[in-house]
Amino acid sequence: MHAFDSPYGALSLTRYPPTQNPTLQAFDAADHYLLRQLQAQPEPGPLLIINDQFGALACALAAHQPCSWGDSHLSELALTENLRINQLASGQIEMVPGDQSPPGQYQQVLLRVPKSLTLLEDQLRRLRPRLLPGAVVMAGAMIKHLPPRAGDLLARYIGPYQASLGWKKARLLSASFDPQLIPPTQPLVSHYALDGTDISLCNQPGVFSRERLDIGTRVMLPLIAEQTATATNIADLGCGNGALGIMAALHNAQAQLLFCDESYAAVASAKQNFTNALPGRTAEFRVNDGLIGITPDSLDVVLCNPPFHQQQVIGDDIALRLFQQSRSALKPGGRLLVVGNRHLGYHVKLKQYFSQVTQLAASDKFVVLLAN
């Protein structure tokens, strides 16, 4: 936990999920810069916060009863935890999941620029009808993570913008709402084929590997038929667009499938793809913190292509958490099938939770491991 001396008062903030790296904080200079600039404005009108990574913005502005909106369920859980730590009432903040659009009309918008520019474009497109006359959208990021096209998207969907000077390696882009602007309307959904099938996978904005099938997934796909053929309960953990779970379902007509991801866009994509690929068949879809809440000893197989980053921070905290959750959720004799970059050393880390770890396949960059 770290102290955040925000312009609106001191806070104690923690990351969620917890990290073993004591240098990682739940806020950065871009959060502070956004709050400082907002404080310099007249008293804010209806306020919307987008992509608040760990709740620093919403906690600081809780007295103004903002709406918080974003694609990450983990960010929602971080906000909930930081409200609790700072003894702030959760009812002061309306949390809107990413698969819905904000319900109100807004005068001020604070936006953390996401890693995915397509997600940003989709959010700006859905934001525009919710802006009041004279609204200002302030987008912030650390300079090293601020894509040059972010300003172009603000100009295309909101109105003219100005870039701030850098401050502690952070920068803001402030766009003024132009009601006369006619923004683009082309679809933002992408499609590509699922290897070895005639299925076309649909990908909502912001979904991992939305332009082409991930190389690691491609290495794992040929192994799924053999590893899931006799399984009764299968989970696609960190499912993205659902490619792994759909392949398992195609080779096992009786299996019950569970698709889990912390991204609302990912789960929506997986659900649409499963429905299109296997019409009439049912499965469970959860926007979730991994396998939290899943009955222990209930799964036969877990398929997982774990993320090795949270926002722009690279590390294995998330993967290790998913491995631990898988161990708890698997039946005795159940197995976890994992694909990862060679350099991540998952063959060693999995042994913290599983007695046997076997390499099933490999490419130049990826390995597929079976843990049981």
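To be clear, the structure that these remarks concern was listed above.
The text that follows walks through the structure, step by step, so that each part is easy to find.

Here is what the cut-offs are and how they apply
- Residues numbered from 1 in each chain as written.
- Predicted model: local features only at pLDDT ≥ 70, side-chain atom pairs only at ≥ 80, totals over all residues.
- Heavy atoms only, no water.
- Helix = DSSP H or I, 4+ residues; strand = E, 2+ residues; numbered from the N terminus.
- Rg over C-alpha atoms; globule rule 2.2 N^0.38 Å.
- Buried < 20%, exposed > 50% of the residue type's maximum accessible area, 1.4 Å probe, protein only.
- Pairing = 2+ DSSP bridges.
- Axes fitted to C-alpha atoms, helices over the stretch in contact; angles between N-to-C directions.
- Contact = heavy atoms within 4.5 Å.
- Phe/Tyr/Trp six-rings, centres within 6.5 Å; stacked < 30°, edge-to-face > 60°.
- Polar contact = N/O pair within 3.5 Å; in protein donor to acceptor, adjacent residues only side chain to side chain.
- Salt bridge = Lys/Arg side-chain N within 4 Å of Asp/Glu carboxyl O.

**What about the overall build of the protein?**
When you go through the protein residue by residue, the secondary structure sums to ten helices and 20 strands. Against the 2.2 N^0.38 benchmark of 21 Å for 372 residues, the protein shows a C-alpha radius of gyration of 21 Å, consistent with a compact globule. Across its three principal axes, the protein shows a C-alpha extent of roughly 65 × 45 × 40 Å. By residue count, 53% of the 372 residues in the protein fall in the buried class.

**Observations concerning the sheet that holds strand E19 (residues 357-362)**
A sheet is described by the order of its strands in space; here seven strands give the open sequence E14-E13-E12-E15-E18-E20-E19, paired in mixed fashion. Sheet topology places strand E14 (284-287) and E19 at the edges, where each strand pairs with a single neighbour. Here the strands of the sheet are splayed against their neighbours by 15° on average, with no regard to which way each runs. Relative to the sheet, helix H7 (residues 243-251) contacts strand E12 (233-237), strand E13 (256-261) and strand E15 (299-304), its axis offset from that of E13 by approximately 175°. Contacting E12, E15 and strand E18 (330-341), helix H9 (residues 317-329) crosses the sheet at an angle of about 160° to E18.

**Quick word on the sheet that holds strand E8 (residues 161-163)**
If you trace the seven strands from one edge of the open sheet to the other, you get E5-E4-E3-E6-E7-E9-E8, paired in mixed fashion. Single-partner strands in this sheet number two, and they are strand E5 (94-97) and E8. Neighbour-to-neighbour, the strand axes of the sheet open up by a mean angle of 20°, direction not taken into account. Of the strand pairs in this sheet, strand E3 (residues 47-50) and strand E6 (residues 106-112) are connected by four bridges, and their pairing is parallel. Across the sheet, residue Leu48 finds its bridge partner in E6, namely Val109. Contacts between helix H3 (residues 73-85) and the sheet are confined to strand E4 (67-70) and E5, with E5 contributing the most and set at about 165° to the helix.

**Overview of the environment of Leu13**
The residue Leu13 is located in strand E2 (residues 9-13) in this model. Judged by relative accessible area, Leu13 falls into the buried class, the value being 1%. Along the primary structure Leu13 and Leu83 are separated by 70 residues, whereas in three dimensions their C-alpha atoms are 8.9 Å apart. In this structure, Leu13 is in contact with Met1, His2, Phe4, Ala26, Phe27, Ala56, Cys59, Asn82 and Asn86, ignoring residues within four places of it in sequence.

**Digging into the packing of aromatic side chains**
Geometrically, a pair of aromatic rings is defined through the distance of the ring centres and the angle of the planes. Counted by the stated rule, this structure contains six aromatic pairs. Judged by centre distance (5.5 Å) and plane angle (65°), the ring pair of Phe259 and Phe274 falls under edge-to-face. With Phe259 in strand E13 and Phe274 in helix H8 (residues 264-277), this pair connects stretches of sequence that are 15 residues apart. We note that Phe259, like Phe274, is buried. Judged by centre distance (5.0 Å) and plane angle (10°), the rings of Phe259 and Phe285 are stacked. Taken together, the residues Phe259 in strand E13 and Phe285 in strand E14 connect sequence positions 26 residues apart. Here Phe259 falls in the buried class, since its relative accessible area comes to 0%.

**Notes on helix H4 (residues 117-127)**
In terms of burial, H4 is largely enclosed, as nine of its eleven residues are buried. Where the residues of H4 are buried, they touch E3, E4, E6, strand E7 (131-142) and helix H5 (149-157). Its side-chain oxygen 3.4 Å from the backbone nitrogen of Thr118, Ser116 forms the N-cap of H4.

**Digging into the side chain of Asn203**
Structurally, Asn203 can be placed in strand E11 (residues 200-203). Classification of Asn203 as buried rests on a relative accessible area of 0%. Within polar-contact distance, the side chain of Asn203 engages the backbone oxygen of Arg210 at 3.5 Å. Here Asn203 is in contact with Leu188, Val189, Ser190, His191, Tyr192, Arg210, Asn241 and Ser269, once residues within four sequence places are set aside.

**Brief notes about the pairing of E2**
The pairing of strand E1 (residues 2-6) with E2 spans five bridges and is classified as antiparallel. Residue pairing across strands places Ala3 opposite Ser12, the latter belonging to E2. Two successive antiparallel strands, E1 and E2, enclose a turn made up of two residues.

**Concerning the pattern of salt bridges**
Inspection of the entire model under this criterion finds nine salt bridges. We note a salt bridge from Asp28 to Arg112, for which the minimum N-O separation is 3.0 Å. Here the residue Asp28 occupies a position in the loop between E2 and helix H1 (29-39), and Arg112 occupies one in strand E6, the gap between them amounting to 84 residues. Among the salt bridges present, the one from Asp31 reaches Arg112, with a minimum N-O distance of 2.9 Å. Highlighted residues: Asp31 in helix H1 and Arg112 in strand E6, separated in sequence by 81 residues. Each of the salt bridges in this network shares a partner with another, and the network as a whole consists of Asp28, Asp31 and Arg112.

**Here's the deal with the environment of Glu262**
Structurally, the position occupied by Glu262 is in the loop between E13 and H8. Placed 26 residues apart in sequence, Glu262 and Asn288 show a C-alpha to C-alpha distance of 5.1 Å. Looking at Glu262, its side chain comes within polar contact range of the main-chain nitrogen of Leu74, at 3.0 Å.

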